[in-house]
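Listed below, chain by chain, are the residues.
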Amino acid sequence: MEWTDQAAAEEACRGNQQAFRVLVERHSRAVFRLAFRMTGNEQDAEDLVQETFLRAWKQLHRFDGRAAFGSWLYRIAANCSLDLIRAKRSRRETQPAADEANAANWMEAVASADPTPERLTHSSQIAALLPAAMQQLSAAERAAFVLRHYEGRNIEEIAQALGTGTGAAKHSVFRAVQKLRRALEPVWETGK
Amino acid sequence: MKHLSEEQLTMAYYGDSDPDARNHLDECAECRAALARIERLLNEFHEYPAPEPHDGWEAQVWARLQPHLPARKPRRIWFQWYVLAPAMAALLVVAFLAGMWKQKKSDIVLTANARERVLLVAMGDHLDRSEMVMAELVNAAPGETDLSGESARARDLLNENRLLRQTALRTGDVRHAALLDELERVLLDIAHTSPEASAGELQALQRRIESEGLLFRLRIVSSNIHEKGKQL
């Protein structure tokens, strides 16, 4: 039987695990992609898929069917990712050496991106440097940027996911773009 | 002519700009050129592929997840929105009829409502902008110590904050006055932070904002104000 998301969610809410399995199999790849872009780490993204669906199962009674199941799940996934990024960042703050190492790796990556005939095109250079540049963003900036730029979510949806007002969500998107521009524009300019 | 800020140009790239900014872009070649520059770089960012999980990965996800799913209790049907909605609609009709019956008093109420609404809009906007400054500070990485932008914005917000606090006190709104008083002290600290703050100074500010739960309370109050503004 082919369940719609809405029907499967209602069945799952009554305790039907097979209905929930349909939702897991239908949405887990999208959740994985979002989690990977938010964290930049494959293993973290895998763990976040588990955590997202576990939270979704526990909170199914809160899904009232007015929004699409996918959007509701996205909010949970974004929040799980934010929690993980914040927890990692707060652990890093107690280990300044790790921060210095990250910064050094980042500088090295930018320095080695000089355009030479052997190197990739400047577009490929940007693509190669982007994950490292994304690591320099705060949790909220990274989440806001990924949701706006890659997932096409509007400002209201981002504000909901981040638990902020729309003004703060807009500002997080802007700060992310500003930091990425400052980091990558010099590389891009020299590659043109 | 005042040109668009970097933030307005970024919003324009994502199609989130306001009508004034759109009109300005139509007329200003310099801003259009700046937007084109942002566009060229941001379009390069579209290549950020996520690894594609192998075939059958979803089944593995389920196999790992399923043993951890706690048993669910069946949901009580009367809590669902589509059951409650007709009852709520009936309640609204009763409220509307009661309102019609008391129509004579509406002129006075409207004037008071309009005044309150203006104040709520100003307060909501102020809290949103203060929240942005603080969220930025709280999320700043330890090495990021250039606080000149935040400091300048905190200075701008201070005067506005004083006016709003005094108005809240005059109208007997003690709760908002207390929040604004607390906010004022933090804004003052941010405004007086040296442009090149040390990591220690930044951490002290972050700790202060976090320990007082100010950001969270601002969000709640701001959200309530926006909600109340809509109702008025």
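The rules behind each value
Residues numbered from 1 in each chain as written. Chains lettered and ligands numbered in written order. Predicted model: local features only at pLDDT ≥ 70, side-chain atom pairs only at ≥ 80, totals over all residues. Helix = DSSP H or I, 4+ residues; strand = E, 2+ residues; numbered from the N terminus. Buried ≥ 20, exposed ≤ 12 C-beta atoms within 10 Å, placed from the backbone. Contact = placed C-beta atoms within 7 Å. Core = buried A, V, L, I, M, F, W, Y, C linked by C-beta atoms within 7 Å. pLDDT = per-residue confidence, 0-100. Nonpolar A, V, L, I, M, F, W, Y, C, P; charged D, E, K, R; others polar.

### Digging into the overall build of chain A
Scanning chain A from N- to C-terminus turns up nine helices and zero strands. When the helices and strands of chain A are placed in sequence order, the string is α-α-α-α-α-α-α-α-α. Counting all 192 residues of chain A, 44% fall into the buried class. Within chain A, contacts between residues separated by at least 24 positions form 62% of all contacts whose residues are at least 6 apart in sequence.

### Thoughts on the nonpolar core
With 85 residues, the main nonpolar core has A:Ala35, A:Ala77, A:Ala143 and A:Ala144 as its most contacted residues. Tallying contributions element by element places helix H4 (residues 69–93) of chain A first for this core, with 11 residues. Not counting residues up to four positions away in its chain, the partners in contact with A:Ala77 are A:Val31, A:Leu34, A:Ala35, A:Leu48 and A:Thr52. Core analysis: the next-biggest nonpolar cluster, separate from the first, contains six residues, B:Leu9, B:Ala12, B:Tyr13 and B:Cys31 among them.

### Examining the confidence of the model for chain B
Residue and element names in this part refer to chain B. Counting all residues, the mean pLDDT for chain B is 79, and 83% of those residues have values of 70 or more. The secondary structure element of chain B with the lowest average pLDDT is helix H5 (residues 81–101), at 68, and the one with the highest is helix H4 (residues 57–65), at 95. Scoring the predicted complex yields pTM 0.55 and, for the interface, ipTM 0.77.

### Quick notes on the interface of chain A and chain B
Across the boundary between the two partners, chain A contributes 53 residues, which contact 42 residues of chain B. Those elements giving two or more residues to the side of chain A that touches chain B turn out to be helix H2 (17–39), helix H3 (42–58), helix H5 (96–111), helix H6 (122–134), helix H7 (139–150) and helix H9 (166–191) of chain A. For the side of chain A that touches chain B, the class distribution of residues is 22 nonpolar, 14 polar and 17 charged.

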